[in-house]
Amino acid sequence: MYRILLFLYRIRAFLLFVLLETIAIWMIVSNNSQQGSVFFNSANQISASILDTQADIIDYFSLASVNKALVEKNAELLAELERYRKPADSLYIPLDSALEATFQFKGAKVINNSINLSQNYLTINKGSKHGIHEGMGVFNEEGVVGRVKGVTKNFATVISLLHTELLVSSKIASTEVFGSTKWDGVDPQKAKMLYVPRHVQVKVGDKVVTSGYNAVFPEGIPIGTVIEVKPGPETNYLDITVQLSTDFTKISYVYLVENKLAEELENLNVENK
């Protein structure tokens, strides 16, 4: 112990230098947005590379369960495809080309995920060189996951639905009543549906899905199920608790959705303001 203390004493000048440099870098990053942005992107790139390697090792030992889930999902998709096959005596009616070309989907692997903070994020192994950009919606086979926040060349950061500042435009599937879903920071399996007036009839068991009223998600992606409805305290809105359909403790792969008409819609909204 004495030798360790003696060694630390001998290099005290170097340790003081490192401490002062760390404080200086922290002050520069905290008080200058441009430098802060560069630091965040660089740190994100390095940490994402490490997390990607870690995720590859973990995935190697969980290939059996992942393959089983993929096989089950493929079976469901094949069954659904079979239901939509055109009978021999049916008439084919083409869809509106504008509807067919509105959304584009990409797949990615989750290499980091947090659920125990008030502002949680995920990291995925796809970035700008794969066509990923800020604002894209993220979901999996269970439901909504979040929205892309930051992008580097090979990776992207996703604001989780378990983030107290993320709002998702949503609606009650059976009644078309719309509002916004937001996590309250308490239970990672539950969220609140906001801005539903008191006079609206909402029942336990009602399904909550994306409304399609913004340019992020298509209509109908699952968000959760209503498990409690109460009059809101001192407001004209209901206090609705939703059991989230996505299990954030088991996310391995996600889909990213891009609305090809998002820029046109945003420009139109700006002109109408």
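Residues numbered from 1 in each chain as written. Predicted model: local features only at pLDDT ≥ 70, side-chain atom pairs only at ≥ 80, totals over all residues. Heavy atoms only, no water.

A short note on the overall build of the protein
Inclusion rule: Note on conventions: DSSP H or I runs of at least 4 residues are helices, E runs of at least 2 residues are strands, and numbering of each starts at the N terminus. Accessibility here uses a 1.4 Å probe with only protein chains present; expressed as a share of the type maximum, an area under 20% marks a residue as buried, one over 50% as exposed, and anything in between as partly exposed. What makes two residues a contact is simply this: any of their non-hydrogen atoms within 4.5 Å. All accessibility values rest on the Shrake-Rupley procedure with a 1.4 Å probe; residue burial counts only the protein chains present in the view.
When helices and strands are counted, the protein shows 6 helices and 12 strands. Burial analysis of the protein (273 residues in total) assigns 32% to the buried set. A separation of at least 24 residues holds for 58% of the contacts in the protein among residues at least 6 apart in sequence. Of the roughly 17900 Å² of accessible surface on the protein, 58% is carried by carbon and sulfur atoms.

As for the sheet that holds strand E12 (residues 253–259)
This is how it is decided: DSSP bridges decide pairing: two strands pair if at least two such bridges lie between them. Angles here are taken between N-to-C directions and fall from 0 to 180 degrees, while the axes themselves are lines fitted to C-alpha atoms, restricted in helices to the stretch in contact.
Judged by pairing direction, the barrel is antiparallel, and its 6 strands sit side by side in the order E1-E2-E5-E4-E3-E12 before closing back on the first. The sheet shows a mean angle of 45° between the axes of neighbouring strands, direction not considered. Summarising the sheet, strand E3 (residues 137–139) and strand E4 (residues 144–151) pair through 3 bridges and their orientation is antiparallel. If you follow Phe139 over to E4, its bridge partner there is Val144.

Let's talk about the pattern of salt bridges
How we decide: By salt bridge we mean one thing: a side-chain nitrogen of Lys or Arg within 4 Å of a carboxyl oxygen of Asp or Glu.
Under the definition given, this model contains 3 salt bridges. Note that Glu219 and Lys171 form a salt bridge whose closest N and O atoms lie 2.2 Å from each other. Remark: Lys171 occurs in strand E6 (residues 168–172) and Glu219 occurs in the loop between strand E9 (207–210) and strand E10 (222–231); sequence separation between them is 48 residues. By relative accessible area, which is 3% here, Lys171 ends up buried.

Describing the nonpolar core
Rules: Among buried residues, those of type Ala, Val, Leu, Ile, Met, Phe, Trp, Tyr and Cys that are joined through side-chain atoms within 4.5 Å constitute a nonpolar core.
Counting residues in each nonpolar core, the largest one holds 41 residues, and the members touching the most others are Ile124, Val148, Val196, Val202, Ile240, Val254 and Leu256. With 5 residues, the top contributor of residues to this core is strand E5 (residues 156–163). Ignoring anything within four residues of it in the chain, the contact list for Val148 reads Ile132, His133, Glu134, Gly135, Met136, Val138, Ala156, Thr157, Val158 and Leu256. By size, the runner-up hydrophobic cluster in this structure holds 5 residues, among which are Ala48, Leu51, Ala55 and Phe155.

Points about the confidence of the model for the protein
So the rule is basically this: Values of pLDDT, ranging from 0 to 100, describe the predictor's confidence in every residue of the model.
Summarising the model, the protein shows a mean pLDDT of 81, and 73% of its residues fall at 70 or more. This stretch, residues 86–100, has a pLDDT under 50; its non-local contacts, to residues over four places away or in other chains, come to 2 contacts.

Some details on unusual backbone geometry
Here Glu176, not a glycine, exhibits a phi torsion of approximately 65°, which is positive. Relative to the elements of secondary structure, Glu176 occurs in the loop between E6 and strand E7 (178–182). At Tyr195, a position not held by glycine, the phi torsion is positive, near 65°. Take Tyr195: it is sitting in the loop between strand E8 (190–194) and E9. Assessed through its relative accessible area of 45%, Tyr195 is described here as partly exposed.

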